[in-house]
Amino acid sequence: MSNRVMSPMFVDDAGTGLVIADIRRYNVFTSLFFLGRHGRLLRELATASGARPGDTAADIGCGPGKLVRALGAVVGPTGSVVGVDPSAAAVAADRAADPRHRYAQAPAQSLPFGDAEFDVLTCTFVMHHIPAEHRDAALAEMWRVLRPGGRVLLADVAPGPAYRAVLNLVTRHGDVDPFADADIRRYTGRLRELGFTDIAYTRSRYQTGILTAVRPR
């Protein structure tokens, strides 16, 4: 999505990308963008990730930690979830509000974990915030920290034609598509190069494209 649309909620950190600066405004935006159905989308993403009871999961670019909590409900008390975000404000707020899960401050392209630590990774509405020159590194990090047999889910906005037309009218972008950089399918080739298999794309009815893949055993 165009930085001009999102910039009031973010600061541009050179080398890291756009970092959340205002959690409250971000929560308001997501509620409006998804027409109050963000909670349903989060549950859909947690299910689509393939997370199961007992899994170890991480949400990369976790923001306010809502998907962390949705994943936690799936993996249950025998599993664990860690949220990762480059925003110190987001991580501090998440730790204060949600002590059940672990949080770490780091960018997607430099994950603070050992090799093969996780069964499931999610990274939603994040890739277009990472500088283009670091996106391949972010995907390589996801491969590195996933266990063989592990599953990754990438997701980003994918508004339908009618919704897109309304957004363009409101944001006054005219012929410029503010969502051109958010098509999550652009990472299919890189995932395949890294060795991921079972790559699949689906489009949620909640204006979101979902790309899933497996690190083979």
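Just so it is clear, the structure is predicted and the values come from calculations on it, not from any experiment. (Residues numbered from 1 in each chain as written. Predicted model: local features only at pLDDT ≥ 70, side-chain atom pairs only at ≥ 80, totals over all residues. Heavy atoms only, no water.)

*Asks:* Is there a simple way to explain the overall build of the protein in this structure?
*Replies:* Along the backbone of the protein there are eight helices and nine strands. Counting across all 217 residues of the protein, residues that qualify as buried make up 53%. For the protein, the exposed surface amounts to about 9,800 Å²; the carbon and sulfur share of it is 53%. (Helix = DSSP H or I, 4+ residues; strand = E, 2+ residues; numbered from the N terminus. Buried < 20%, exposed > 50% of the residue type's maximum accessible area, 1.4 Å probe, protein only. Areas by Shrake-Rupley, 256 points an atom, 1.4 Å probe, with all protein chains shown as cover.)

*Asks:* I tried to follow the packing of helix α3 (residues 38-48) against helix α4 (residues 66-75) on my own but got confused; where do I start?
*Replies:* When two helices pack together, their arrangement is given by the angle between the helix axes and by the axis-to-axis distance. Running from amino to carboxyl end, α3 crosses α4 at an angle of 50 degrees, the nearest separation of the two axes being 9 Å. Between α3 and α4, the interaxial angle falls into the category oblique. As α3 runs across α4, the sense of the crossing is right-handed. Here α3 contributes His38, Leu42, Leu45 and Ala46 to the contact with α4, which in turn contributes Lys66, Leu67, Ala70, Leu71 and Val74. Classifying every residue of the contact of α3 with α4 by side-chain character gives seven nonpolar, one polar and one charged. (Axes fitted to C-alpha atoms, helices over the stretch in contact; angles between N-to-C directions. Parallel < 35°, antiparallel > 145°, perpendicular 65-115°, else oblique. Left-handed = near helix turned anticlockwise from the far one by under 90°. Contact = heavy atoms within 4.5 Å. Nonpolar A, V, L, I, M, F, W, Y, C, P; charged D, E, K, R; others polar.)

*Asks:* Just to check I follow, could you spell out the nonpolar core for this structure?
*Replies:* Side chains of a nonpolar character, in soluble globular proteins, are inclined to be buried together. Counting residues in hydrophobic clusters, the biggest one holds 28 residues, and the most contacted among them are Leu121, Met127, Leu139, Met142, Val152 and Leu154. Sorting the residues of this core by element identifies β3 (56-60), β4 (80-85), β6 (118-124), α6 (135-145), β7 (146-157), α8 (188-194) and β9 (208-214) as the ones contributing at least two each. Sort the elements by how many residues they give to this core and α6 lands first, with four residues. Beyond its immediate stretch of four places on either side in the chain, Met127 contacts Arg135, Leu139, Met142, Asp156, Ile184 and Tyr187. (Core = buried A, V, L, I, M, F, W, Y, C linked by side-chain atoms within 4.5 Å.)

*Asks:* Sorry, what's going on with α3 here?
*Replies:* Along an α-helix, a turn takes 3.6 residues, which lines up residues three or four apart on a common side. Taken together, the buried positions of α3 are His38, Leu41, Leu42, Leu45 and Ala46. Buried residues along α3 cover an arc of 140 degrees about the axis, so they all sit on one side. Summarising the geometry of α3, the exposed residues directed more than 90 degrees from the buried face are Arg43 and Thr47. Phi turns positive one or two residues past the end of α3, at Gly50, with a value near 80 degrees. (Arc of directions from axis to C-beta.)

*Asks:* Any chance you could explain the sheet that holds β9 here in plain terms?
*Replies:* Strand pairing in a sheet is mediated by backbone hydrogen bonds. Such pairs are either parallel or antiparallel. Here seven strands make up an open sheet; going across it, the order is β5-β4-β3-β6-β7-β9-β8 and the pairing mixed. Two strands close off the open sheet at either side, each with one partner strand: β5 (102-105) and β8 (197-204). Taking each pair of neighbouring strands and ignoring which way they run, the sheet shows an average axis angle of 15 degrees. In this sheet, β9 lies alongside β8 in antiparallel orientation, the contact comprising six bridges. (Pairing = 2+ DSSP bridges.)

*Asks:* Explanation requested: the confidence of the model for the protein in the structure shown.
*Replies:* Atomic detail in the predicted coordinates should be set aside for any region of low pLDDT. The predicted model of the protein has a mean per-residue pLDDT of 86, with 80% of residues at 70 or higher. Every residue in residues 1-7 scores below 50 in pLDDT, and together they form 19 contacts with partners more than four places removed in sequence or on other chains. (pLDDT = per-residue confidence, 0-100.)

*Asks:* Looking at this structure, I do not really get α6. What am I missing?
*Replies:* For α6, the complete set of buried residues consists of Arg135, Ala138, Leu139, Glu141, Met142 and Val145. Taken down its axis, α6 places every buried residue within 155 degrees of arc, on the same side. Each element contacted by the buried residues of α6 is listed here: β3, β6, β7 and α8.

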